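Tertiary structure, described
Chain by chain, the residues run as shown.
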Amino acid sequence: MNKQPWWQSTVVYQIYPRSFQDTNNDGIGDLRGIIQQLDYLKTLGIGAIWLCPVYQSPNTDNGYDISDYEAIMTEFGTMADMDELIAAAKDHGIKIVMDLVVNHTSDQHKWFIESRQGKDNPYRDYYVWADPVDGHAPNALTSTFSGSAWQFDEASSQYYLHLFAPQQPDLNWENKHVRQAVYNLMNFWIEKGVGGFRMDVIDLIGKQPLKGITGNGPMLHRYLHEMNRATFGETDLMTVGETWGATPEIAKQYSDPAREELSMVFQFEHSGIDQQDGKDKWDLAPFSVPKLKAILSKWQVALGSQGWNSLFWNNHDLPRIVSRWGNDKEYREQSAKAFAILLHLMKGTPYIYQGEEIGMTNYPIQDIAEADDIETINMYHERLAAGYSKANIIQSINAKGRDNARTPMQWDTSKNAGFTKGKPWLHVNPNYQQINVKATLADKDSIFYTYQRLIALRRQNTVIVNGEYELEQETAANVFAYRRVDADTELLIVVNLAETENEYTAPASSKQLVLSNYSREKKPLIRGEAQQLRPYEAFVYVLKGALDEH
Ligand code: TEU
Ligand code: CA
């Protein structure tokens, strides 16, 4: 068998640079801030950083609207800083995974500036242009950021497509010059020594908008195979596609090595648990542990031997897990650890979003004036016009809004949590007096050390990387228990995802306790003996074999 790819046994840390660490006190995080914190990340033990976009951008969508793929955003630093970051990270054993946003560009990108010059411009066909139908937009496609996905251009009397903001026109992937231009910019970064790409909304590039097809278009996998061959195919780069519309069958197409597409995809099926069926994320529904068990187990099994899973609770688009499905008040520590243990012992590549490792929480707002995110602000006005009450909309924003994850990283108890000495671009969560890196590093029982331990366990134990996943079926509804099994070793992971006690009966007698989020007696589990699980209690035992702990 070939040597196992490095990204199957490591953990990735996601950085939202704007909110990570400011070094020149303009209130905006920067590349030098990341360089400064590499020692911290090395202590955590991660092997790669997924860096949210750092390219030149007018920041309509905080870097997801790129105006130059081969230049660094002025606020973040220079190309020399970027080269230094790649090299310094390498010295720390950390690879830099770039965010590749190529479904769309900024409307300030030179390709679009040319394209909108007129129908005869050589760049016209780089984007998706269409004539009006009966004096209106070509069809009813809507933008993720509210309203029509078509923007009228007075000068040429045509519409262009934007599945996100009007300042984010969609590239036309049917044009082979577009595809080649993307492969060229990817090769530019590969030559700089990056460790991979996270591909923004990659499932949209095969779109056929005039037929109403956006996700999972007919040419999608052909384009990705072509990209693989033209760029990273013969390298050890890690590639992860963001695919909101992936089923396990589709995920296998992306990540089956034989097909030469991507390493893995982010799937979001579990992210829909707390929204109403058929509605969108703002239409809140209660969290359900049985649903979570069913969905994650389905993915664990389906991609068990063919393809590869990514494992995550958080990112810059999602609310904080401890606030979302845990308890960010009296059980903040326990529930943050419980979700960490639950996820990090599954099969796949785990991702940690900045601040998750110290149990950072959502930031509730009282008024829309406190919001920054374009998605949130547009939705607010759309729903207000549709008759929703302000209170109802703010409730949805506090539960699901993207700003929750984007508040500045909490480093210490100094002003602005040590993020900046200037005025932070987005409010700092006032709970930084309790929740910060300095405090977490000083407490040997902190959330941070649970993550550190989980990362180290994965690096050292192939059963965590490659073992089979088996859900424990006979448990209380709110208890999520599973085993990881290979020829030599068997692990039992038990997590009570509730703030009430639950009973759990071990299916087999165990050997040593590996990890827990409450102090437990060192004695093994006895088969058939009922355990009283405390709120959010989580523990891991060896059932067979032994773990390597060094
Ligand atoms: O997100 C894709 C996307 O569809 C999100 O807008 C998502 O629907 C929403 O946030 C769910 O809450 C990616 C990036 O991760 C996001 O930050 C960008 O805004 C978006 O693409 C456009 O590039
Ligand atoms: Ca700065």
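Now for a description of the structure that goes with this document.

About the cut-offs
Residues numbered from 1 in each chain as written. Chains lettered and ligands numbered in written order. Predicted model: local features only at pLDDT ≥ 70, side-chain atom pairs only at ≥ 80, totals over all residues. Heavy atoms only, no water. Helix = DSSP H or I, 4+ residues; strand = E, 2+ residues; numbered from the N terminus. Expected span 1.5 Å × (residues − 1). Buried < 20%, exposed > 50% of the residue type's maximum accessible area, 1.4 Å probe, protein only. Contact = heavy atoms within 4.5 Å. Near = heavy atom within 4 Å. Polar contact = N/O pair within 3.5 Å; in protein donor to acceptor, adjacent residues only side chain to side chain. Areas by Shrake-Rupley, 256 points an atom, 1.4 Å probe, with all protein chains shown as cover. 1 Å grid on protein atoms, 1.4 Å probe; cavity = no way out; pocket = protein on both sides within 12 Å on 5 of 7 lines; lining within 4 Å. Sits in = over half its atoms within 2 Å of the grid points. Donors = N, O, S within 2.8 Å, 3.2 Å for Na, K, Ca; no water. Pairing = 2+ DSSP bridges. Right-handed = clockwise from strand over helix to strand, strands pointing away. Axes fitted to C-alpha atoms, helices over the stretch in contact; angles between N-to-C directions. Parallel < 35°, antiparallel > 145°, perpendicular 65-115°, else oblique. Nonpolar A, V, L, I, M, F, W, Y, C, P; charged D, E, K, R; others polar. Points joined across faces, edges and corners; volume = space filled by probe spheres on them. Salt bridge = Lys/Arg side-chain N within 4 Å of Asp/Glu carboxyl O.

Examining helix α11 (residues 374-385)
Here α11 contains twelve residues, and its C-alpha end-to-end distance of 17 Å stays within 8% of the 16 Å for a straight helix at 1.5 Å per residue. Those residues of α11 that fall on the buried side of the exposure criterion are Ile374, Glu375, Thr376, Met379, Tyr380 and Arg383. Lining the buried residues of α11 we find α12 (390-400). Glycine 387 sits one or two positions beyond α11 and adopts a positive phi of about 100°.

Side note on unusual backbone geometry
Of note, the phi angle at serine 157 is positive, near 55°, even though the residue is not glycine. Note on placement: serine 157 falls in the loop between β7 (150-153) and β8 (158-161). The backbone of alanine 417 sits at a positive phi, close to 60°, despite the residue not being glycine. The residue alanine 417 is located in the loop between α13 (403-406) and α14 (437-442) in this model.

Considering the site of ligand 1
Inspection of the region around ligand 1 gives 17 residues, with Asp61, Asp200, Lys281, His316 and Asp317 positioned closest. In the environment of ligand 1, an oxygen atom lies 2.9 Å from a nitrogen or oxygen atom belonging to the side chain of histidine 104. Take aspartate 200: an N or O atom from its side chain is 2.8 Å from an oxygen atom of ligand 1. For ligand 1, whose unbound accessible area comes to 490 Å², protein coverage reaches 94%. At a threshold of 2 Å from the grid points, most atoms of ligand 1 map onto the largest pocket.

Brief notes about the coordination of the calcium ion (ligand 2)
Bound to the calcium ion (ligand 2) on the protein side are Asp22 (OD), Asn24 (OD1), Asp26 (OD), Ile28 (O) and Asp30 (OD), at distances that span 2.2 to 2.3 Å. For the calcium ion (ligand 2), the donor residues sit on a single chain with the sequence spacing D-x1-N-x1-D-x1-I-x1-D. The same class applies to aspartate 22 as to aspartate 30, namely buried.

Focus: the side chain of serine 310
With respect to the helices and strands, the residue serine 310 is situated in strand β12 (residues 310-311). Not counting residues within four places of it along the chain, the set of residues in contact with serine 310 comprises Met264, Val265, Phe266, Gln267, Thr349 and Tyr351.

Topic: the pairing of strand β10 (residues 238-242)
Among the five residues that make up β10, five are buried, leaving the element largely enclosed by the rest of the structure. With four bridges connecting them, strand β9 (residues 196-199) and β10 associate as parallel partners. Residue pairing for β10: methionine 199 is matched across the bridge by glycine 241. Each parallel crossover has a hand, and for β9 linked through helix α6 (residues 220-230) to β10 it is right-handed. Pairing between β10 and strand β11 (residues 264-266): three bridges, direction parallel. Bridge assignment links valine 240 to a residue of β11, and that residue is methionine 264. Crossover β10 to β11 through helix α7 (residues 248-255) is right-handed.

Some remarks on the packing of helix α10 (residues 332-344) against helix α15 (residues 447-460)
Axes are the key here: two packed helices are described by the angle between their axes and the distance separating the axes. It is the contact of α10 with α15, at a shortest axis distance of 9 Å, that shows an interaxial angle of 10°. Between α10 and α15, the angle falls in the class roughly parallel. Of α15, the residues touching α10 (which contributes Arg332, Glu333, Ala336, Lys337, Ala340, Ile341 and His344) are Ile447, Thr450, Tyr451, Leu454 and Arg458. Looking at the contact of α10 with α15, its residues break down into six nonpolar, two polar and four charged.

Structural notes on the sheet that holds β8
The three strands lie next to each other as β6-β8-β7, forming an open sheet whose pairing is antiparallel. Single-partner strands in this sheet number two, and they are β6 (129-130) and β7.

Focus on empty space enclosed by the protein
By the definition in use, this model includes five cavities of 30 Å³ or more. The wall of the largest cavity is formed by Gln267, His270, Leu296, Trp299, Gln300, Asn309, Ser310, Leu311, Phe312, Leu343 and Met346. Among the secondary structure elements, those contributing two or more residues to the lining of the largest cavity are α8 (289-302) and β12. Of all the elements, α8 adds the most residues to the lining of the largest cavity, at three residues. Among the residues making up the lining of the largest cavity, the classes are represented as six nonpolar, five polar and no charged.

Overview of the side chain of threonine 407
Topologically, threonine 407 is positioned in the loop between α13 and α14. Residue threonine 407 is classed as buried on the basis of its relative accessible area of 0%. Residue contacts for threonine 407: discarding those within four places in its chain leaves Ser19, Met360, Tyr363, Leu426, His427 and Asn429.

Here's the deal with the pattern of salt bridges
Once their charged atoms are close, side chains differing in charge can pair, the charge on each being opposite to the other. Taken as a whole and assessed by the stated rule, the structure comprises 34 salt bridges. Across the salt bridge formed by glutamate 234 and arginine 229, the nearest N and O atoms sit 2.9 Å from each other. Through salt bridges that share partners, Asp61, Lys281, Asp317, Asp373, Glu375, Arg402 and Arg406 make up one connected network.

Topic: the layout of surface pockets
When its volume is computed, the largest pocket comes out at roughly 1100 Å³. Around the largest pocket, the lining is made up of 42 residues, and of these Thr144, Phe164, Trp244, Lys281 and Glu375 lie nearest the centre. Counting residues per element, the lining of the largest pocket draws most heavily on α11, at four residues. When grouped by side-chain class, the residues that make up the lining of the largest pocket number 13 nonpolar, 13 polar and 16 charged. Residues belonging to the lining of the second largest pocket are distributed by class as follows: nine nonpolar, 14 polar and eight charged.

All we've got here are geometric facts, nothing functional implied.
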